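What follows is the residue order along each chain.
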Amino acid sequence: MKNVFHAVLAGLLVSACAGAPEPRSKMVASSSAAQEQGRPQELRDGIATASLEDAKLDRIRIADGIAEVAKGTYGNVHSLLVFRHGKLVSEHYFPGEDQNNHQGSLGLVLHNRETLHDVRSITKSVVALAVLIAHSRGQIPDLDQPLFDYFPEYAVEHAKEGKAGITIRHALTMTAGFEWSEGRANADNARLSAAPDPLAFVLGRPLVSPPGTRFNYNGGLTELLAAVVERATGTGIVQFTSDNLLTPLGITRFEWAKRSNGKPDPDSGLRLRSRDMAKIGLLLANKGAWRGRQIVPAELVEEAVNAHIDIPRTAEAAALGDRLGYGYQIWLPSFLIDGRRTDLIQLEGNGGQFVLIDRRADLMVVTTGGDYYRKDLQKWPEDIYPDIVEPALLDR
């Protein structure tokens with residue numbers, strides 16, 4: 001399985017380490033032995049744990065896979081968490097060079113379960129869930145409402161040449177039709193970060209395809225969605241998300257970076273701990289419910305995780321059986337493992353941030369990493385699922 005984000009744009013338990021750091025593989029091996037005799041530690045964070053045996057996962061295969069991750073086979077992975085039937089069954093952290101998206105290099109970080117980590121574009125999925133929560137409460141009455149209804153002051157200048165027909169749903173599915181580039185020097189996402197008026201910058205982009213007809217990855221659309229939430233609810237995206245999504249999930253420690261204009265970065269600014277990032281995935285896997293509370297209506301979660309647009313694949317990928325769809329700021333890859341069709345719900349952020357949900361197998365894999373903007377890896381963290389975790393299933 002190839003890295004979705006790069007393809008489209010180009011396309012075990014840790015203990016604190018004191019003193020001089022040991023080699024990466026030695027550090028992980030020494031800290032993982034205790035966990036691999038049992039289960040991850042159960043904390044008061046709402047996450048239940050179980051053993052690999054309880055989860056019907058082959059302990060030897062998982063241990064061998066962790067060793068490969070520690071060697072760097074899957075790049076600069078910082079954490080790897082595996083869930084089965086909603087329970088955490090394997091939890092590992094790895095030392096590695098890291099960055100803060102808005103502050104620069106952090107140097108070598110000895111990652112552990114308390115480490116806040118950039119989730120990058122997984123922030124987009126969080127914003128989409130905030131939109132759905134506001135929609136479920138009637139604060140955003142209709143996802144097919146024109147975006148310019150929320151930005152009337154920009155309509156006279158920018159609602160031209162078909163742009164008046166762009167809806168909230170088009171923004172959620174990255175099908176607004178704007179000209180937009182990402183992931184290179186002077187790309188539109190970089191220019192957005194420096195724009196004195198980000199809304200005007202996004203709404204002012206030329207229309208290159210009719211709304212709803214073509215996928216084009218566009219962080220500016222998440223900027224608009226965050227502004228819709230603020231204007232519809234009267235609460236900024238950070239506070240609204242904290243009150244209505246993160247806090248109900250028991251996520252009380254996070255950071256949300258700001259752009260140069262002092263406003264929060266809604267498309268890549270969130271920093272979470274790995275176990276908290278996993279809670280976003282568990283919420284989706286559980287159709288919007290968390291510990292008996294329905295945080296997002298189940299029918300809206302189903303809308304979010306179903307493909308609203310199919311994304312063309314390369315001839316090579318198509319020949320291998322790979323397919324790719326996109327929901328509400330959520331990737332939906334489908335591929336073959338030993339001839340078996342596997343459909344995932346995938347949250348992804350630049351550098352190796354992944355939440356991979358296989359509902360059919362009731363499996364979830366979470367990773368963080370530090371391979372920002374790299375395109376030269378032979379194996380990516382998302383490959384851990386088809387290479388290591390899915391083949392370890394004993395009750396397939």
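All of the points below concern the structure found in this document. Everything numeric here is computed off the predicted structure, so don't read it as measured data.

The next point concerns the overall build of the protein. If you tally the helices and strands in the protein, you get 14 helices and 16 strands. For the protein, the C-alpha radius of gyration of 20 Å lies close to 21 Å, the compact-globule estimate for 396 residues. Principal-axis analysis of the C-alpha atoms places the extent of the protein at approximately 65 × 45 × 45 Å. For the protein, the accessible area works out to roughly 15,600 Å², and carbon and sulfur atoms hold 49% of it. The averaged location of the 49 negative side-chain charges in the protein is 2 Å from the averaged location of its 44 positive side-chain charges.

So, on to the packing of aromatic side chains. Using the criterion set out here, one finds five aromatic pairs in the structure. An angle of 70° between the planes, with centres 5.8 Å apart, marks the rings of W180 and F201 as edge-to-face. Pair noted here: W180 is in the loop between α6 (168–172) and α7 (188–194) and F201 is in helix α8 (residues 198–203), with a separation of 21 residues, a long-range link. Across the pair, exposure class does not vary: W180 and F201 are buried alike. Measuring from centroid to centroid gives 5.0 Å for Y326 and W331, while their planes differ by 80°, and the two rings are edge-to-face.

Looking now at the nonpolar core. In summary, soluble globular proteins display a tendency toward joint burial of nonpolar side chains. With 82 residues, the main nonpolar core has F83, F151, I168, L245, L284 and V296 as its most contacted residues. Residues in contact with V296, not counting those within four places in the same chain, are L129, L132, I133, L283, K287, G288 and V301. Residues L80, L344, L363 and I384 belong to the second largest nonpolar core, which totals 28 residues.

Here we come to empty space enclosed by the protein. Here the second largest cavity is characterised by a volume of approximately 40 Å³. Lining the second largest cavity we find S121, K124, S125, Y217, Y326, Q329, I330, W331, Q346, L347 and E348. Its residues placed into classes, the lining of the second largest cavity shows five nonpolar, four polar and two charged.

Conventions adopted
- Residues numbered from 1 in each chain as written.
- Predicted model: local features only at pLDDT ≥ 70, side-chain atom pairs only at ≥ 80, totals over all residues.
- Heavy atoms only, no water.
- Helix = DSSP H or I, 4+ residues; strand = E, 2+ residues; numbered from the N terminus.
- Rg over C-alpha atoms; globule rule 2.2 N^0.38 Å.
- Areas by Shrake-Rupley, 256 points an atom, 1.4 Å probe, with all protein chains shown as cover.
- Lys, Arg positive; Asp, Glu negative; His and termini not counted.
- Charge placed at Lys NZ, Arg CZ, Asp CG, Glu CD.
- Phe/Tyr/Trp six-rings, centres within 6.5 Å; stacked < 30°, edge-to-face > 60°.
- Buried < 20%, exposed > 50% of the residue type's maximum accessible area, 1.4 Å probe, protein only.
- Core = buried A, V, L, I, M, F, W, Y, C linked by side-chain atoms within 4.5 Å.
- Contact = heavy atoms within 4.5 Å.
- 1 Å grid on protein atoms, 1.4 Å probe; cavity = no way out; pocket = protein on both sides within 12 Å on 5 of 7 lines; lining within 4 Å.
- Points joined across faces, edges and corners; volume = space filled by probe spheres on them.
- Nonpolar A, V, L, I, M, F, W, Y, C, P; charged D, E, K, R; others polar.

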